[in-house]
Amino acid sequence: LDLQQREVVIIGAGPSGAIAGALLKRQGHDVLILERQRFPRFSIGESLLSHCLDFVEEAGMLEAVQAAAFQTKHGAAFGWGERYTEFDFRDKFTEGHGSTYQVQRADFDKLLADQAELQGVEIRYEEEIIAADFSSARPRLHARRNDGSEYHIEAAFVLDASGYGRVLPRLLDLEAPSSFPVRRAVFTHIEDRIDDPQFDRNKILITTHPELRDVWYWTIPFSNGRCSLGVVASAERYEGRPEDLDACLKEFVQEAPNLRRILKNAQWDTPARLIGGYSANVKSLHGPGFALLGNAAEFLDPVFSSGVTIAMRSSSMAAAVLHRQLSGEQVDWETEFAVPLKRGVDTFRTYVEGWYDCSFQDVIYYEHAQPEIRRMISSILAGYAWDEKNPYVAESRRRLRVLAELCRGDR
Ligand code: FAD
């Protein structure tokens, strides 16, 4: 087979691959991205957090994203029965971007990939990595083109940004079980025709099911009068419900009074889809000749829309370490990449666990919260989960427990 030589090869051209590629190219490295699909392609994960714009900016893509007319997002709203509360990301403890976007990922991901290409990153679409050999000093990947032809490619370093493809975790036996139970999401896009004055198109709306508090819905408005709408529940919550996904999603929506009201005129014009078992983990985030980015590594849960932000943060951190390594410096991927990356992931983990055991829901829906505490929570919801100056980051578990007790005692 043909054997090609490159400096850095990235598997996957999603947000983590495009950002990592651009950052390395900007540091003067030769970067090739191999992407299995042709863009634009559908992806779930449409509500961005503010912090991810820091990495879009670092990669020189902020102006292009701002010019793309995506729906502005200023925060997150939560509804549970008659309760309603909202967090404004412009009013938060940590400095940084306040507003962000809700994006059709097909368009957003293509825009980032095109920007990376404009900066000199080579992207080959419809080429899939099917095998990998990391036994020698230069890792070797086995790629297959859409026409069935194959070739080998050697690089100084490989970044796996393959998302749910999880290429290196599968090929190198790095998969580890997630600490989260298996949940499923059923979702669609609708023409929403929302005229409810309470509905704020500049926020994601997260709705808690009135009785089943581990079941929640997302409503993510786009700038074109459409919404992404989905429900997340564990397998047993789907038992006894219609097998037809549209009917199933509509039944869930009918059970939530706020959604029933908001979506009363909606046109359901797109067949619903199901995605399940998405929570995943790995034994290690790196090894000789490779590191794992974004969803190819750990994916927690969609409830706080942290996926793209964690993905881009991992790209930024990995690109910095890799640049130093390629420049001849000694680097330690564990202490300089894995450990600090996981710190923020663990912050999100605390609040995701608190969402499902309801302690964080009790905090969110508490009506008498102090403004300063809400600003600290707002920072985390905006994605600034690595800011150790925020006590709800630095001591997330203890702080959440104490706060939840306070809110519950005061009910
Ligand atoms: P991806 O975007 O998945 O990109 C990976 C790319 O790699 C793909 O284009 C794929 O084609 C390519 N690839 C795969 N295998 C190969 C191969 N063998 N060879 C070559 N290329 C390959 N995140 C948010 O930020 N906000 C949200 O609102 C949100 N909602 C979510 C809702 C649900 C139900 C779920 C499950 C997730 C949600 N997420 C959300 C998470 C989000 O989808 C991911 O975190 C994000 O897409 C990760 O980006 P990535 O670049 O790591 O991977």
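### A few points about the overall build of the protein chain
In terms of regular secondary structure, the protein chain is built from 13 helices and 19 strands. Its C-alpha atoms give the protein chain a radius of gyration of 21 Å, within 12% of the compact-globule value 22 Å for 411 residues. Across its three principal directions, the C-alpha atoms of the protein chain cover 65 × 45 × 40 Å. Long-range pairs, those at least 24 residues apart, make up 73% of the contacts in the protein chain with a sequence separation of at least 6. Only carbon and sulfur atoms are counted for the fraction: they give 47% of the accessible area of the protein chain, which is about 16400 Å². With 48 positive and 61 negative side-chain charges, the protein chain shows a spacing of 2 Å between the two charge centroids.

### Quick look at the domain arrangement of the protein chain
A common way to express how large an interface is: the accessible area buried when the components associate. Per the domain assignment, the segments making up the protein chain are domain 1 (3-72 + 96-177 + 279-344), domain 2 (183-276) and domain 3 (358-409). Between the C-alpha centres of domain 1 and domain 2 there is a distance of 30 Å. For the pair domain 1 and domain 2, the summed buried surface comes to about 1400 Å²; carbon and sulfur atoms form 58% of the total. At the junction of domain 1 with domain 2, the criterion picks out zero salt bridges.

### Concerning the sheet that holds strand E12 (residues 183-191)
A sheet is described by the order of its strands in space; here seven strands give the open sequence E5-E4-E13-E14-E15-E12-E16, paired in mixed fashion. At either margin of the open sheet sits one strand with a lone partner, and together these are strand E5 (83-88) and strand E16 (273-276). Between one strand axis and the next, the sheet turns through 20° on average, direction left out of account. Judged from the six bridges that link them, strand E14 (residues 216-221) and strand E15 (residues 226-234) form a sheet pairing that is antiparallel. From the neighbouring strand, Trp-216 faces E15, where its bridge partner is Val-232. Contacts between helix H6 (residues 245-255) and the sheet are confined to E12, E14, E15 and E16, with E15 contributing the most and set at about 85° to the helix.

### What to know about the packing of aromatic side chains
Ring pairs (aromatic) are described by centroid distance and by the angle formed between their planes. Within this structure, the stated rule accounts for 19 aromatic pairs. Note on Phe-39 and Tyr-125: the rings are 5.2 Å apart at their centroids and 50° apart in plane angle, and the pair reads as tilted. One end of the pair, Phe-39, is in the loop between strand E2 (31-35) and helix H2 (52-58); the other, Tyr-125, is in strand E7 (residues 122-125), and 86 residues separate them in sequence. This pair shows no difference in class: Phe-39 is buried, exactly as Tyr-125 is. Here a set of aromatic residues connected by ring pairs shows up, and it is made of Phe-78, Trp-80, Phe-87, Phe-304, Tyr-351, Trp-355, Phe-360 and Tyr-365. The ring centre of Phe-42 lies 4.0 Å from the NZ or CZ of Arg-273, which sits over that ring.

### A few points about the nonpolar core
By size, the foremost hydrophobic cluster in this structure holds 118 residues, and its most contacted members are Phe-78, Leu-159, Trp-218, Phe-337 and Trp-355. When residues in this core are grouped by element, the largest group, ten residues, is from helix H9 (residues 333-356). With 23 residues, the next largest nonpolar core counts Val-215, Tyr-238, Leu-249 and Ile-262 among its residues.

### Some points on the site of the ligand
Surveying the vicinity of the ligand reveals 36 residues, the closest of which are Ser-16, Glu-35, Ile-44, Ser-47 and Asn-295. Pro-15 is positioned with one of its backbone polar atoms (N or O) 3.3 Å from an oxygen atom of the ligand. In this structure, Arg-36 approaches the ligand through a main-chain N or O atom, which is 3.1 Å from a nitrogen atom. Here the ligand, which alone exposes 1000 Å², has 97% of that area covered by the protein. Looking at the shell around the ligand, the elements with two or more residues in it are helix H1 (15-26), E2, strand E8 (127-133) and helix H8 (307-326). The greatest single-element share of the shell around the ligand, amounting to three residues, is contributed by E8.

### Quick look at helix H4 (residues 105-118)
With 14 residues, H4 extends 19 Å from end C-alpha to end C-alpha; this agrees with the ideal 20 Å at 1.5 Å per step. Within H4, burial applies to Arg-105, Phe-108, Asp-109, Leu-111, Leu-112, Ala-113, Gln-115 and Ala-116. Where H4 is buried, its residues contact H1, helix H3 (62-66), E7 and H8. Residue Gly-120 follows H4 closely and has a positive phi angle near 105°.

### What to know about the pattern of salt bridges
The full count for this structure, using the stated rule, is 37 salt bridges. Across the salt bridge formed by Asp-88 and Arg-90, the nearest N and O atoms sit 2.7 Å from each other. On the basis of relative accessible area, Asp-88 is assigned to the partly exposed category, the value being 23%. A salt bridge links Lys-283 to Asp-173; the shortest N-O distance between them is 3.8 Å. Linking Lys-283 in the loop between strand E17 (281-282) and strand E18 (286-287) with Asp-173 in the loop between helix H5 (167-171) and strand E11 (175-176), this pair joins segments that are 110 residues apart in sequence. Asp-173 carries the same exposure label as Lys-283, and that label is exposed.

### As for unusual backbone geometry
Cis geometry is adopted by the peptide bond preceding Pro-40, which originates at Phe-39 and carries an omega value of 0°. Along the chain, Pro-40 turns up in the loop between E2 and H2. Not every positive phi belongs to a glycine, and Ala-69 is a case in point at roughly 60°. With respect to the element layout, Ala-69 can be found in the loop between H3 and strand E3 (71-73).

### Notes on the environment of Arg-184
Considering the arrangement of structural elements, one finds Arg-184 in strand E12. C-alpha separation for the pair Arg-184 and Val-393, spaced 209 residues apart in sequence, amounts to 28 Å. Apart from residues lying up to four places away in sequence, Arg-184 is in contact with Val-231, Val-232, Ala-233, Ala-235, Tyr-238, Leu-274, Ile-275, Gly-276 and Tyr-278.

The rules behind the values
- Residues numbered from 1 in each chain as written.
- Predicted model: local features only at pLDDT ≥ 70, side-chain atom pairs only at ≥ 80, totals over all residues.
- Heavy atoms only, no water.
- Helix = DSSP H or I, 4+ residues; strand = E, 2+ residues; numbered from the N terminus.
- Rg over C-alpha atoms; globule rule 2.2 N^0.38 Å.
- Contact = heavy atoms within 4.5 Å.
- Areas by Shrake-Rupley, 256 points an atom, 1.4 Å probe, with all protein chains shown as cover.
- Lys, Arg positive; Asp, Glu negative; His and termini not counted.
- Charge placed at Lys NZ, Arg CZ, Asp CG, Glu CD.
- Domains from an automatic or database assignment.
- Buried area = accessible area lost by both parts, 1.4 Å probe.
- Salt bridge = Lys/Arg side-chain N within 4 Å of Asp/Glu carboxyl O.
- Pairing = 2+ DSSP bridges.
- Axes fitted to C-alpha atoms, helices over the stretch in contact; angles between N-to-C directions.
- Phe/Tyr/Trp six-rings, centres within 6.5 Å; stacked < 30°, edge-to-face > 60°.
- Buried < 20%, exposed > 50% of the residue type's maximum accessible area, 1.4 Å probe, protein only.
- Lys NZ or Arg CZ within 6 Å of the ring centre and 35° of its normal.
- Core = buried A, V, L, I, M, F, W, Y, C linked by side-chain atoms within 4.5 Å.
- Near = heavy atom within 4 Å.
- Polar contact = N/O pair within 3.5 Å; in protein donor to acceptor, adjacent residues only side chain to side chain.
- Expected span 1.5 Å × (residues − 1).

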